[in-house]
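# Residue-level structural notes
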Amino acid sequence: MSTVLQLSIIDLSLPEKLSTSRLIRRAYLNHGFFYLTNHGVPEELMKRVFEESKNLFSLPLDEKIVMVRRGFRGYSPLYDEKGDPKELFTFGSSEGVLGQHYPNKWPSEDLLPLWRPTMERYYKSVVDVGKKLLGLVALALDLEENFFERLGAFNDQAAVVRLLRYSGELSSSEDEEEKTCGASAHSDFGILTLLATDGVPGLQVCRDKDKEPNVWEDVPGIKGAFVVNIGDLMERWTNGLFRSTMHRVLSVGKERYSVAVFLDPDPNCVVECLESCCSETSPPRFPPVRTSDYFHERFSQSLISYSGSA
Ligand SMILES: O=C(O)CCC(=O)C(=O)O
Ligand SMILES: [Fe+2]
């Protein structure tokens, strides 16, 4: 039996930025995860995104296969990523260098006429929330609010949206962990992830990945709130101060939908331990890395046939 993890709730509508940033700091030091409420993304839009996601995954396989990913944008069939029983669909901005280099694959308007406008609206709204939040994260690190923007983290629109559908199946494996695996244990690669779920349970986090055996705690969804976690590049930026916590999704024998928005930095952005997070007793633990090199390496480990191009 796993326990339920009590995460902090951060209210993005509070006017006092400094006190909110202090709460964020505490949440990231403790768990690497928190709930974000009053973020401004309309409930009606979140509902429509889940409806359109369901519409897409309900298409016959041959309609989905024409959108199959080459690289990471597009459709990933069941078992494509680490053999997990989940289907994915990933898209990003159509603008900027990345958008031209890795064109999105959209379902045909004849099949799903409201799909693209709904998803583009969601992309924009959640990325705006992510940028606002990142300003507070900068304050939490004693930096100026626009620090990451000035560093060029958003020069290109690198954020991506990932729609997920877990089939809910329990595998026939004798091994309890394999049997109930929906998404294998991982940490996210980028800066921040904003996750919305349909309320079906399954998400779990492991606060201490070095403790054997791993202890997993449940993170239930809160209606209308995002679950926000730190990614590996932010862990590097903060010299390990903020934690990119390992998480996974269990299969509970029921279909489950979720939508993750990964706020990733510009591919040319160099991520280097921040001075404010280093000291004589805590020297930089990670060498500087260019985002594109880092992502290339991580994607080639996690996707079965990642080719490095869309
Ligand atoms: O579906 C979820 O609840 C989590 C998804 C996730 O962790 C991911 O896609 O990186
Ligand atoms: Fe994740």
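Our subject is the structure listed above.
Let us look at the structure shown here. Since this is a predicted model, take the numbers as computed values, not measurements.

### Overview of the side chain of K64
Turning to its location among the elements, K64 is positioned in helix α3 (residues 61-65). A distance of 2.7 Å separates the side chain of K64 from the backbone oxygen of F57, its partner in a polar contact. In this structure the side chain of K64 is engaged in a polar contact, spanning 2.7 Å, whose partner is the side chain of E87. Ignoring any residue separated from it by four or fewer positions in sequence, one finds K64 in contact with L56, F57, L59, Y75 and E87.

### Remarks on the coordination of the iron ion (ligand 2)
Distances from the iron ion (ligand 2) to its protein donors, H186 (NE2), D188 (OD) and H247 (NE2), fall within 2.1 to 2.2 Å. In primary-sequence terms, the residues that donate to the iron ion (ligand 2) follow H-x1-D-x58-H. Note that D188 is positioned in the loop between β6 (181-186) and β7 (192-197) and H247 in strand β11 (residues 246-250), a separation of 59 residues in sequence.

### Some remarks on the site of ligand 1
Near ligand 1 you find R162, L164, Y166, H186, D188, L195, L203, H247, V249, R256, S258 and F262, and these make up its full shell. One of the side-chain nitrogen or oxygen atoms of H186 is found 3.0 Å away from an oxygen atom of ligand 1. Considering ligand 1 on its own, with 290 Å² of exposed area, one finds that the protein chains cover 96% of that surface. Of all the elements in the fold, those that place two or more residues in the shell around ligand 1 are β5 (160-166), β11 and β12 (256-263).

### Points about the pattern of salt bridges
The final tally for this structure, using the stated rule, is 17 salt bridges. As a salt-bridge pair, E87 and R165 come within 2.8 Å of each other at their nearest N and O atoms. Linking E87 in strand β4 (residues 86-92) with R165 in strand β5, this pair joins segments that are 78 residues apart in sequence. Of the residues examined, R165 reaches a relative accessible area of 16% and is grouped as buried. For R298, the salt bridge identified is with D232, shortest N-O distance 2.5 Å. With R298 in helix α9 (residues 291-302) and D232 in helix α8 (residues 232-237), this pair connects stretches of sequence that are 66 residues apart. Grouping residues by exposure puts R298 and D232 together as buried.

### Comments concerning unusual backbone geometry
Here the bond from E212 into P213 is cis, since omega is -10°, no more than 30 degrees from zero. Inspection of the secondary structure assignment puts P213 in the loop between β8 (203-206) and β9 (217-218). Notably, N38 is not glycine yet its phi reads approximately 45°, a positive angle. Inspection of the secondary structure puts N38 in the loop between β2 (33-37) and α2 (43-57). Even without being a glycine, Y79 presents a positive backbone phi close to 70°. Among the structural elements, Y79 can be located in the loop between β3 (74-76) and β4. Y79 gets classed as partly exposed once you look at its relative accessible area, which sits at 38%.

Reading guide: rules and limits
- Residues numbered from 1 in each chain as written.
- Chains lettered and ligands numbered in written order.
- Predicted model: local features only at pLDDT ≥ 70, side-chain atom pairs only at ≥ 80, totals over all residues.
- Heavy atoms only, no water.
- Helix = DSSP H or I, 4+ residues; strand = E, 2+ residues; numbered from the N terminus.
- Polar contact = N/O pair within 3.5 Å; in protein donor to acceptor, adjacent residues only side chain to side chain.
- Contact = heavy atoms within 4.5 Å.
- Donors = N, O, S within 2.8 Å, 3.2 Å for Na, K, Ca; no water.
- Near = heavy atom within 4 Å.
- Areas by Shrake-Rupley, 256 points an atom, 1.4 Å probe, with all protein chains shown as cover.
- Salt bridge = Lys/Arg side-chain N within 4 Å of Asp/Glu carboxyl O.
- Buried < 20%, exposed > 50% of the residue type's maximum accessible area, 1.4 Å probe, protein only.

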